[in-house]
Structure formats: C-alpha cells, structure tokens
Amino acid sequence: MTDKPCNLFDVGHRACGGCAAALAAKLILEAAGKNTIVVSATGCMEVFSTPYPETAWGVPWIHSLFENNSAVASGVVASLKKQGRTEKVIALGGDGATVDIGMLCISGAFERGTDFTYICYDNEAYMNTGIQRSGATPYDASTTTSPAGKCSFGNPRPKKDLPAILAAHGAPYVATASVAYPADFKKKVEKAVNIPGPCYIQVHAPCCTGWGFEGEKTIAIGKLAIETGLWVNYEMENGEVTRVKKVRRKPVEDYLTEQKRFRHLFRPKKNDGEIAKIQQIADRNAEKYGTDIVLKK
Amino acid sequence: MALNLGCTAKPGNARDNKTGSWRVFKPEFIREKCTQCGMCTIVCPEGCISPDEDEFPVPDYDYCKGCGLCAEECPSEAIEMKKEEK
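This write-up is about the structure you can find in this document. (Residues numbered from 1 in each chain as written. Chains lettered and ligands numbered in written order. Predicted model: local features only at pLDDT ≥ 70, side-chain atom pairs only at ≥ 80, totals over all residues. Heavy atoms only, no water.)

Moving on to the sheet that holds strand β2 (residues 61–63) of chain A. Residue and element names in this part refer to chain A. Spatially, β2-β1-β3-β4-β8-β7-β9-β10 is the arrangement adopted by the eight strands of the open sheet, whose pairing is mixed. Of all strands in the sheet, those with a lone pairing partner are β2 and β10 (240–244), marking the two edges. Direction aside, neighbouring strands of the sheet carry axes that sit 20° apart on average. Alignment of strand β1 (residues 36–40) against β2, held across three bridges, turns out to be parallel. Following the sheet pairing, Val39 is matched in β2 by Ile62. Packed on one face of the sheet, helix α3 (residues 69–83) meets β1, β2, β3 (88–94) and β4 (117–122) and runs near 175° to β3. (Pairing = 2+ DSSP bridges. Helix = DSSP H or I, 4+ residues; strand = E, 2+ residues; numbered from the N terminus. Axes fitted to C-alpha atoms, helices over the stretch in contact; angles between N-to-C directions. Contact = heavy atoms within 4.5 Å.)

This is how it looks when you write it as structure tokens:
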C-alpha cells in the first residue's frame, strides 16, 4: 500500500473491523471523485478517520461541531461561488448529528437552497459516545439510554422520518440507500452531487459494535433490513417518490434475531406482542412505498 | 505535541497507523477459486484490497483488520478466514 498513491478515503483509519460508516465514506468518495470538499460533523466518522495528526482523507476535509455542519458547508459553498470554483461540497454526519442536533442548521441550509449534498450515515444511535438512543433509533432497540428491562422494551419511539422532512423543504433530490447495495448507493451519490441545490441521502450503516453482531455480517444485516421492510431504499425527486427497491418480504424476526439490541424480545421468552408491533411498522412501510413484489396473475 | 496552523494534517497520513496489528483472523485468498468479480474490493471497509498485475485481488496485511466481510460476501467462497499465529 505504501507504494500506491493515497486513496480518497485511505487505509489506516481506526474504525471497528467491518464498520459500515467507513465503507460508506469510501463509497461516497469513489462516487463523488477527487473534486470534492467534505465537511464532517462530530461523530464516529470524524473520530476514527482523523485522530490528530493523522487523517485518512485524501480530499480537503473540515471538522465542524455536531450542530453547525450544514452552516460550515454553506460557508464553503458561498466562498467557492465567490471565487468561481466548481468543487462539490458534501456535508457528512451521523444520525445523531443529523436528525437530532444538527436539525436547525440543516433546515436553514435547505431553506436557503444551498448547492450542497448532505449525507447522513444512519447507524441508529450515538455510537461514538457509547450507544445512546437518537431520533433515528428504531422502535424497541435497546441502547444505553433506552435499556430493555423489567419496565421497558427498549426505545419507545419510532424512527424520525427525516427524508420526508427535507423533501418538504422543497429539496430537488432526497434518497435513502444502504451500504449493503454499494452500486446503488454510489449511483445516488453521483446523482446528488450533480443536481444543483440541496440534496439529501440517508444511508443505512449497520454498526456491529452498537447493534451487537459480528463484523463480517455488516452487509448481510443491511440486506435483511431491506428484505424485512424495516428499511426502504427509495429516491424522491421534487417531493415525489420516483424509484423504490422492491423485495419479496421476509418476517421481521429474521432481522431482529441477528442482533443483540433486540435480544430482549426473544429471551427469556418470546414477546409476540412487541414483535407484532415491529411487523406492523414493516407492513406500513411496504404499503406506503409499495415495496412488495406482486406476482402477476 | 505542537499543533499545525489550523490543526491541518497532510492527506492520508493515517497510513502511519498500521491497523493490521488488530487482526485475529486472517483472510486467505485462494486463487484457484477466484473469479475476479471484485466484490471483496468493493465491500472492504478499509479499502486495502487491490488487484495485482494478474487482476487477482490481494489484501494489504499491514492494514487488514480481519473483519471477514470479504470472506462472507465472496460469491465463490474463495476467501477463508484462518486464525493467525503471531
């Protein structure tokens, strides 16, 4: 490796083995190319890629805070515009920085129509600080701030639908993707950076440490999320859903049993009531986006 | 440690950090079974698998953390994870 030129997202970063966020960063830069400036919020991605004075980034990269990621990106866009430069600006944040803390600045940047792409790698909790629940944590997942126990089945609230919120801002392109389908994800990133105006991609990034599965299963878990209907891959252009990944749906149990964060639903005895509620969420997703493959009669 | 102006760092100098030392299981690539589909190169979160002069994928063991994602996703089962003796 040392005799090869630096990759856009290079080796030597300190992500856990099998980290989907690291894979996402690699895929994003492969798709966006070297003519890119990345602004990154605090989070796992920032911590594992840039312990000072090391950096795994081969493109210009700026660290901001949790809350002002989009504001910093807006400033970079304004400066590039003034100088007549054509670099693409990508703001990267985890789900905590995106759906909880950064909401205000993201909403502001989308409302101003800033020409940038915001990519959220959604690992469904604050993983960097030790698996605290966020607005993107799914229903019944056990985290350190929503622990399952005698009086609780884990996180009591469903996921916040941020893509819909940002589509409501009039964003020209909003998409969801998964690291389990790398080619699809890269295509969406390429599309987003080339569309003028604020674009948003939320990429599902299974976290082996936080969700409790082996690192080698990252892609398999990502695929199961889509096959059970708990994650939907779709594209929204000007507020309309234009493309949806269709699946032959599996029961949600197939996805839940693979992860430690849902273990309380099966031990000491199976909790059919709660599993039925999660199945309902998947059913609603399938109905809303029309993900089920219907055989012609 | 003295900080640079603006806390800047040179691109890609994370290479000083040889993450291969984390590894417990080592992926062994079996050439006879490999179809050069490139799946391992795509899914490697380290980005440390690259093709050699014969287009066969080769991991860089200086950085491979041994997560096993390549072996799990290889469609022709051409990668085996073996416990490493150090």
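Moving on, we come to the pattern of salt bridges. If charged atoms from side chains of opposite charge come close, those side chains can pair. Inspection of every chain in the model, using the stated rule, returns 26 salt bridges over all chains. Asp122(A) is paired through a salt bridge with Lys159(A); the nearest N and O atoms lie 2.6 Å apart. Here Asp122(A) is found in strand β4, whereas its partner Lys159(A) is found in the loop between β6 (152–153) and α6 (162–167), with 37 residues between them in sequence. Judged by relative accessible area, which is 0%, Asp122(A) ranks as buried. Overall, the relative accessible area of 26% leaves Lys159(A) in the partly exposed class. A salt bridge links Glu46(B) to Lys65(B), with the nearest nitrogen and oxygen atoms 3.0 Å apart. One end of the pair, Glu46(B), is in the loop between α1 (39–43) and β2 (49–51); the other, Lys65(B), is in the loop between β3 (57–59) and α2 (69–73), and 19 residues separate them in sequence. As far as the burial class goes, Glu46(B) and Lys65(B) line up, both buried. (Salt bridge = Lys/Arg side-chain N within 4 Å of Asp/Glu carboxyl O. Buried < 20%, exposed > 50% of the residue type's maximum accessible area, 1.4 Å probe, protein only.)

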